[in-house]
Each structure stands twice: as structure tokens, then as C-alpha cells.
Amino acid sequence: MNKKIETEAPVCGVHHEHHIRLSSQISDDNLHHLADLFKVFGDPTRLRILHALSGQELCVCDIAGALGMTQSAISHQLRVLKQSQLVKFRRDGKAIYYSLADAHVHTILAQGLEHVTE
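(A) Seen up close, the overall build of the protein. Secondary structure assignment for the protein yields 5 helices and 3 strands. Counting helices and strands in the order they occur from the N terminus, the protein gives α-α-β-α-α-β-β-α. Within the protein, buried positions represent 21% of all 118 residues. A fraction of 50% describes how many contacts in the protein between residues 6 or more apart in sequence connect residues 24 or more apart. Accessible area for the protein stands at about 9,600 Å²; split by element, carbon and sulfur atoms hold 54% of it.

Okay, structure coming up:
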């Protein structure tokens, strides 16, 4: 049973131009910011941290314990997530608690997970 494996996408044999109008243009600056955002989501450890924070706010030691990682490794990843405005923090005395920055982050995680589990 020999199955032909298609390695290339089918291409239209007729060359013609469609005059399409995009509903809105995305600036190059916004495209670069969006690409950087998806790069941050491209790391499994950061996704695990975001998932842990999707249900509650946690301190570094709680996240480290839940994920079986060192506090130093978690702090490094939280720094990246803060710089990308995906997490926020609040100080309570000497403790610092982290949570998702807003509902958009939760939505991105939920929809991404829904997409990969379909």
C-alpha cells in the first residue's frame, strides 16, 4: 500500500490578480509587538506559570512548589512575563503576589488550549 505524501500545498495553475481590500491594515510596529507576544507564549515553562496564575494569585515560592522548579527559575520567567505585560504583581508587606495582567491573557490561554484539544 503506497500512499503518496503531498509535500506541497496545491497551487492554482492560472495567474490572475484579485483586488482585495483588507478590512484594516496592521502597522509594522504592531506586527512586531504581536510577534514578540507570541514568542513569550512559545515557552512551555511560561505557559505553565500563566496556567497556574489563571485560577489565583500566587507568590514565587507557591509557583515554584507547584511546578517543581526553583524560585530563581520562576523569578526569571516572571520577569519576562511582566515585561510583556502578561502578569502583574502586588506587594503585601514583604510578600509579592502575581496574577494575570487582565482578562485578555486568560482568554488567549483558554482559546489556545481549546484549539489544541479539539
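(B) Just the packing of aromatic side chains, in detail. In total, this model carries 1 aromatic pair according to the counting rule given. A centroid spacing of 6.2 Å and a plane angle of 45° characterise the contact between Phe89 and Tyr98, whose relative ring orientation is tilted. We note Lys82 situated over the ring of Phe89; from NZ or CZ to the ring centre the distance is 4.9 Å.

(C) Inspection of the sheet that holds strand β1 (residues 58-59) at higher detail. Pairing is antiparallel in the open sheet, where 3 strands are placed in the order β1-β3-β2. Looking along the sheet, the strands with just one partner apiece sit at the ends: β1 and β2 (87-92). Seen against the sheet, helix α4 (residues 71-83) touches β2 and β3 (95-100) and runs at an angle of roughly 115° to β2.

(D) Just the pairing of β3, in detail. Both β1 and β3 contribute to a ladder of 2 bridges, which runs antiparallel. Counterpart to Leu58 in the pairing with β3 is Tyr98. The pairing of β2 with β3 spans 6 bridges and is antiparallel. The partner of Asp92 across the bridge, within β3, is Ala95. Counting the residues between successive antiparallel strands, the hairpin from β2 to β3 contains 2 residues, one of them, Gly93, with a positive phi of roughly 70°.

(E) Fine view of helix α5 (residues 103-117). The end-to-end C-alpha distance of α5, which contains 15 residues, comes to 21 Å, matching closely the 21 Å that a straight helix rising 1.5 Å per residue would cover. Two or three places before His104, at the start of α5, stands the capping residue Asp102, its side-chain oxygen 3.0 Å from that residue's backbone nitrogen.

(F) Summary view of the confidence of the model for the protein. Mean pLDDT over the protein works out to 90, with 89% of the residues at or above the 70 mark. Within the protein, no element has a lower average pLDDT than helix α1 (residues 28-41), which sits at 94, and none a higher one than β1, at 98.

(G) Expanded view of the side chain of Gln77. Relative to the assigned elements, Gln77 resides in helix α4. Classification of Gln77 by relative accessible area gives buried; the value is 12%. For Gln77, the side chain forms a polar contact with the side chain of Arg46, separated by 2.9 Å. Those residues in contact with Gln77, other than ones at most four positions away along the chain, are Asp43, Thr45, Arg46 and Ile49.

(H) Layout of unusual backbone geometry. Positive phi values are uncommon outside glycine, yet Gln85 reaches one of about 60°. Mapped onto the elements, Gln85 comes out in the loop between α4 and β2.

Parameters and conventions
- Residues numbered from 1 in each chain as written.
- Predicted model: local features only at pLDDT ≥ 70, side-chain atom pairs only at ≥ 80, totals over all residues.
- Heavy atoms only, no water.
- Helix = DSSP H or I, 4+ residues; strand = E, 2+ residues; numbered from the N terminus.
- Buried < 20%, exposed > 50% of the residue type's maximum accessible area, 1.4 Å probe, protein only.
- Contact = heavy atoms within 4.5 Å.
- Areas by Shrake-Rupley, 256 points an atom, 1.4 Å probe, with all protein chains shown as cover.
- Phe/Tyr/Trp six-rings, centres within 6.5 Å; stacked < 30°, edge-to-face > 60°.
- Lys NZ or Arg CZ within 6 Å of the ring centre and 35° of its normal.
- Pairing = 2+ DSSP bridges.
- Axes fitted to C-alpha atoms, helices over the stretch in contact; angles between N-to-C directions.
- Expected span 1.5 Å × (residues − 1).
- Polar contact = N/O pair within 3.5 Å; in protein donor to acceptor, adjacent residues only side chain to side chain.
- pLDDT = per-residue confidence, 0-100.

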